[in-house]
Amino acid sequence: MAKPIKNTPVLKGKEAVDFYKTIDLNKDKKVSIDSLKAIRNDANMLKEILKVN
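Residues numbered from 1 in each chain as written. Predicted model: local features only at pLDDT ≥ 70, side-chain atom pairs only at ≥ 80, totals over all residues. Heavy atoms only, no water.

Some thoughts on helix α2 (residues 33-50)
Thought 1: Between the first and last C-alpha of α2 there are 26 Å, a value that for 18 residues agrees with the 26 Å anticipated at 1.5 Å per step.
Thought 2: Little of α2 sits inside the fold, with zero of its 18 residues counted as buried. (Helix = DSSP H or I, 4+ residues; strand = E, 2+ residues; numbered from the N terminus. Expected span 1.5 Å × (residues − 1). Buried < 20%, exposed > 50% of the residue type's maximum accessible area, 1.4 Å probe, protein only.)

Structural notes on the pattern of salt bridges
Thought 1: Counted according to the given criterion, the structure contains two salt bridges.
Thought 2: For Lys 14, the salt bridge identified is with Asp 18, shortest N-O distance 2.9 Å. Of this pair, Lys 14 and Asp 18 are both found in helix α1 (residues 14-26), four residues apart, which corresponds to roughly one turn of the helix.
Thought 3: Among the residues examined, Lys 14 registers a relative accessible area of 63% and is labelled exposed.
Thought 4: A relative accessible area of 31% places Asp 18 in the partly exposed class. (Salt bridge = Lys/Arg side-chain N within 4 Å of Asp/Glu carboxyl O.)

Written out as structure tokens, the structure reads:
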């Protein structure tokens, strides 16, 4: 039986400031084409494994 999922804590103070700084620094970053191809390949392999006949 699974354990219940805990609520996500609210960020306050320095943690909140750091979180928003990280978002601002990474908002313009793009995923490389190679990474995107690898992710799509893995997703397709999972789809094939989980196909219901």
